[in-house]
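Descriptive structure summary
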Amino acid sequence: ICPVMKMNMLKVYERYQNADQLIILSHSIDPEHDSVTVLKDFADRLGVKAPKWHFLTGEKEQIFELGQKGYIVTAREDSLEAGGFLHSGAFVLIDK
């Protein structure tokens, strides 16, 4: 699901990259792999830049809790899933 989500979010980024009131946040659900350096390299390969699109990492349990309690989406480890994680395929729009 991640490659499809990435391509669709790139379309959003390209369309709204000059819109002042929109930012995009992508939270890693695999912080053990996705260091700040790894995420920066990923953003560079995509050709996207902050402050429009931020790639975020942190403590795994806090990320999962933010997903489930803050964004109301699924985000958790699951050894039965490809890649070892289960997460929602939704984009979440948050208004100020």
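For the structure, check the block above.
Residues numbered from 1 in each chain as written. Predicted model: local features only at pLDDT ≥ 70, side-chain atom pairs only at ≥ 80, totals over all residues. Heavy atoms only, no water.

1. Some remarks on unusual backbone geometry
For the bond running from Ala50 to Pro51, omega is 15°, close enough to zero to count as cis. With respect to the helices and strands, Pro51 occurs in the loop between helix H2 (36-46) and strand S2 (53-56). (Helix = DSSP H or I, 4+ residues; strand = E, 2+ residues; numbered from the N terminus.)

2. Section: the pattern of salt bridges
Counted according to the given criterion, the structure contains three salt bridges. Here Lys60 makes a salt bridge to Glu32, at a shortest N to O gap of 3.1 Å. Of this pair, Lys60 sits in helix H3 (residues 60-70) while Glu32 sits in the loop between strand S1 (24-27) and H2, and the two are 28 residues apart along the sequence. Glu32 sits in the exposed class, given a relative accessible area of 67%. (Salt bridge = Lys/Arg side-chain N within 4 Å of Asp/Glu carboxyl O. Buried < 20%, exposed > 50% of the residue type's maximum accessible area, 1.4 Å probe, protein only.)

3. Examining H2
Those residues of H2 not exposed but buried are Leu39, Ala43 and Leu46. Buried residues in H2, looked at end-on, bunch into an arc of 60°, giving them a common side. Turned more than 90 degrees from where H2 packs its buried face, Thr37 and Arg45 sit exposed. Where H2 is buried, its residues meet helix H1 (2-16) and S2. Positive backbone phi, at 80°, marks Gly47, one or two positions downstream of H2. (Arc of directions from axis to C-beta. Contact = heavy atoms within 4.5 Å.)

Purely spatial values, then, with no claim about function.
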